[in-house]
Amino acid sequence: MANFYTEDIRLQQILRAKLPANFFQWADNELHQFGELAAGTMDERARHTDREGQPRLIRYDKMGNEVSRIWVNEGYRKNVNDAYNTGIVGYIHKEIPELGRKGNYIYSFAQGYLLSQTEPGLYCPVTLTKATAYLLDHYASPKLKEKYLPHVLSTGETELYEGATFLTERQGGSDVGANEVKAVEEGDHYRIYGEKYFASNAGMCGVAMILARREGAPTGTKGLSLFAVPWEENRKNGFLRIRRLKDKLGVRAVPSAEVEFDSALGYLVGGADKGFYYMMEALNLSRVSNAIASLGIMRRAYTEAVAYTRERKAFGKRLIEYPMVQETLGKLVSKLEIEMEVMFDVIELMDRVMGPPGQSAVPSAEEQILFRLFVALMKVETAEQAIHFSHEAIELHGGNGYIEDFVTPRLLRDAQVLTVWEGTANILGLEVLRLMRKYDAEKLFASKMEERLQQLKGGLPWKAIVAEALQNLLQETEKVKQMPEELQTFYCKKIGKKMTGILESVTALEQLANGNSRDRAIAEVFLQNVWKKNELEMEPAVLKHFDEIVRGVPAGVSYM
């Protein structure tokens, strides 16, 4: 591809609808440049990093002194600069000079979506830096903000401090309440002792946000406090060390390590008893990033598949001329674009719920609950779809799809971790159940979906199907909430899956009612695949609309 941005009709359409006119005009130009860079030079560097230039741990210097430094190749460093200098993190929290206003998460995640098409491994550190910026901006003292935030938000005017969030410990994993890393007070700071077992961006970060337990603090999550730990100062003084780098299946660009803290300097951030609460807010931010990375991989897999099937011939015809191939491509693009619409709606809500202090109105309780619910649902769905899209792209390439000369194997390897990072489907199923038990989230969800359905003009034939599914969902959730706890946990993922199908279908119905010709075609193919995929038709929707949804050419006009 020549440009990830200019060739993505849906992304441009979403941004034009959601950004103020002057902001969109500026963003459109910036993303045009970034889309070209990501599809070209950055992609070449990413390929080198994945194959020959992976991070390496340098344990000792030439004199035998332990240094715990991470080596990364020069191309990766250039990609770091190219990414952060666009303001992918900084412009959420500081003014864009040309506009005289701060950016927002919508613009940042548009950048992340483009970056993830070329290097999901780099988008991980970007996400961690974004979470670090959020925690510092919202909860750090003025003194800590002054010391670290300008570096974390750097767009080239000062030294960049990438961020990191270290949660995982060997004995705990997803059970963060079992964490044992301790913090000992020493004047105006603390000393950190213990080990973080899966610490991504170790050695590259300038400051790490970690959870630790102060002396005398209670067990469980309530006893965890949040600390900002400067990396270089502690490394040079021997207060932390990297035991080893993880040998990962994918996202090889990001160094993930086991880190030991031995009297490491740390600064308390916010209330001492609210560390877990703060980190869970940042985790929701990271889950949105995870979903965006999944969408980026989905888009790259789809575009690679289209490009290959247009060129490859078999039995006298191009692959793209065969109905079975058209079905696959049509279903992929309809799923991708509906999920993009859903996710950027969620991100629009995120700007209200998690925007920088003082930038937006105080969100309602309902908005906060629905945001958590939507994030849990879409993180699971997009991560699973990223694997599915990568698999389909490999299959459409045939044997070539399995060869590392093509990008498809890397897409599959990188996609696999997205089902694990920031919470597995099981963990997020429990989050859905927690929201149902504590806030009746299923009723808030149903109310919001009914409100959106009622606003649709006309008697759309699909509307009754989705409305019925919504009522069935409410009946099922009521039954599940009366079951023993073990059965509630058994059914929570299934409930989440049904919620996701309804959420995406309501979005598709809105496209069907209010969108342009291509929007309506995408929506029809999506709805057919969700609700009537096993029905036999003389004119399947995916074939009828193939030219328009895959090539943007109205029916009856050849795309060849």
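Thresholds, definitions, all that
Residues numbered from 1 in each chain as written. Predicted model: local features only at pLDDT ≥ 70, side-chain atom pairs only at ≥ 80, totals over all residues. Heavy atoms only, no water. UniProt positions renumbered as here; feature names shortened; annotations may be inferred. Helix = DSSP H or I, 4+ residues; strand = E, 2+ residues; numbered from the N terminus. Expected span 1.5 Å × (residues − 1). Buried < 20%, exposed > 50% of the residue type's maximum accessible area, 1.4 Å probe, protein only. Arc of directions from axis to C-beta. Contact = heavy atoms within 4.5 Å. Phe/Tyr/Trp six-rings, centres within 6.5 Å; stacked < 30°, edge-to-face > 60°. Salt bridge = Lys/Arg side-chain N within 4 Å of Asp/Glu carboxyl O. Polar contact = N/O pair within 3.5 Å; in protein donor to acceptor, adjacent residues only side chain to side chain. Axes fitted to C-alpha atoms, helices over the stretch in contact; angles between N-to-C directions. Parallel < 35°, antiparallel > 145°, perpendicular 65-115°, else oblique. Left-handed = near helix turned anticlockwise from the far one by under 90°. Core = buried A, V, L, I, M, F, W, Y, C linked by side-chain atoms within 4.5 Å. 1 Å grid on protein atoms, 1.4 Å probe; cavity = no way out; pocket = protein on both sides within 12 Å on 5 of 7 lines; lining within 4 Å. Points joined across faces, edges and corners; volume = space filled by probe spheres on them. Nonpolar A, V, L, I, M, F, W, Y, C, P; charged D, E, K, R; others polar. Pairing = 2+ DSSP bridges.

Naming follows an unreviewed UniProt entry, where the protein chain appears as Acyl-CoA dehydrogenase of Compostibacillus humi. As stated in UniProt under Cofactor (unreviewed entry), the record for the protein chain gives "FAD".

Chemist: Lay out helix 16 (residues 463-481) with the relevant residues and their values.
Modeler: With 19 residues, helix 16 should reach 27 Å at 1.5 Å per residue; the first-to-last C-alpha distance of 27 Å fits that figure. Three or more residues of helix 16 are buried, namely Val 466, Ala 469, Leu 470, Leu 473, Thr 477 and Val 480. Down the axis of helix 16, the smallest arc covering the buried residues is 105 degrees, so these residues share one side. Residues of helix 16 that are exposed and angled more than 90 degrees away from the buried face: Ala 464, Glu 468 and Lys 479. On the buried face of helix 16, the contacting elements are helix 14 (425-439), helix 15 (441-454), helix 17 (485-514) and helix 18 (517-531).

Chemist: Any chance you could break down the packing of aromatic side chains for me, citing the residues and the numbers?
Modeler: Inspection of every chain in the model, using the stated rule, returns 14 aromatic pairs. Ring centres of Phe 23 and Trp 26 lie 6.2 Å apart, and the angle between their planes is 45 degrees; this geometry places the pair in the tilted category. Here Phe 23 and its partner Trp 26 are both found in helix 2 (residues 21-39), three residues apart, which amounts to about one turn of the helix. Note on accessibility: Phe 23 and Trp 26 belong to one class, buried.

Chemist: I'd like to hear about the pattern of salt bridges, residue by residue, with values.
Modeler: Counted by the stated rule, this structure contains 41 salt bridges. A salt bridge links Arg 299 to Asp 8; the shortest N-O distance between them is 3.7 Å. Of this pair, Arg 299 sits in helix 10 (residues 275-311) while Asp 8 sits in the segment before helix 1 (9-18), placing them 291 residues apart in sequence. The buried category is assigned to Asp 8, whose relative accessible area is 0%. Where Asp 440 meets Lys 481, a salt bridge forms, and the shortest distance between an N and an O atom there is 2.6 Å. Residue Asp 440 is located in the loop between helix 14 and helix 15, and its partner Lys 481 is located in helix 16; the two are separated by 41 residues in the primary sequence.

Chemist: Give me the lowdown on helix 1, citing residues and values where you can.
Modeler: Those residues of helix 1 that sit buried are Arg 10, Leu 11, Gln 12, Ile 14, Leu 15 and Lys 18. At the N-terminal boundary of helix 1, the capping side chain belongs to Asp 8, with an oxygen 3.3 Å from the backbone nitrogen of Arg 10.

Chemist: So, the packing of helix 7 (residues 120-139) against helix 10: which residues are in play, and what are the values?
Modeler: At their nearest, the axes of helix 7 and helix 10 sit 9 Å apart, and the two run at 150 degrees to each other. The angle between the axes of helix 7 and helix 10 places the two elements in the roughly antiparallel class. Between helix 7 and helix 10 lies a crossing of right-handed hand. Taken together, the residues of helix 10 that come into contact with helix 7 (itself represented by Pro 120, Tyr 123, Thr 127, Lys 130, Ala 131, Tyr 134, Leu 135 and Tyr 139) are Tyr 277, Tyr 278, Met 279, Glu 281, Ala 282, Leu 285, Ser 286, Ser 289, Ile 292, Ala 293 and Ile 297.

Chemist: Quick one: what's the story with the nonpolar core, residue by residue and with numbers?
Modeler: Counting 177 residues, the largest nonpolar core has Ile 192, Leu 329 and Phe 445 as its most contacted members. Setting aside residues no more than four positions away along its own chain, Leu 329 makes contact with Tyr 302, Ala 305, Val 306, Thr 309, Ile 320, Leu 396, Phe 546 and Val 550.

Chemist: I'd like a description of the layout of surface pockets, backed by residues and values.
Modeler: Here the second largest pocket defines a volume of roughly 660 Å³. Looking at the second largest pocket, it is lined by 26 residues, and the ones nearest its centre are Lys 335, Glu 381, Asn 529, Val 530 and Lys 533. Secondary structure elements with two or more residues in the lining of the second largest pocket: helix 11 (323-354), helix 12 (365-397), helix 16, helix 17 and helix 18. Partitioned by chemical class, the residues of the lining of the second largest pocket number eight nonpolar, eight polar and ten charged.

Chemist: For the pairing of strand 11 (residues 256-269), give the residues involved together with the corresponding values.
Modeler: With eleven of its 14 residues buried, strand 11 lies for the most part within the structure. Sheet topology places strand 7 (residues 189-200) next to strand 11; nine bridges connect them, and they run antiparallel. Its bridge partner lying in strand 11, Ile 192 is registered against Ala 264. Bridge analysis of strand 9 (residues 224-230) against strand 11 gives three bridges, and the strand direction is antiparallel. For Phe 227, the partnering residue across the bridge sits in strand 11 and is Leu 268. Note: strand 10 (residues 240-245) against strand 11, five bridges, orientation antiparallel. Among the inter-strand pairings, Ile 242 is bridged to a residue of strand 11, identified as Val 259.

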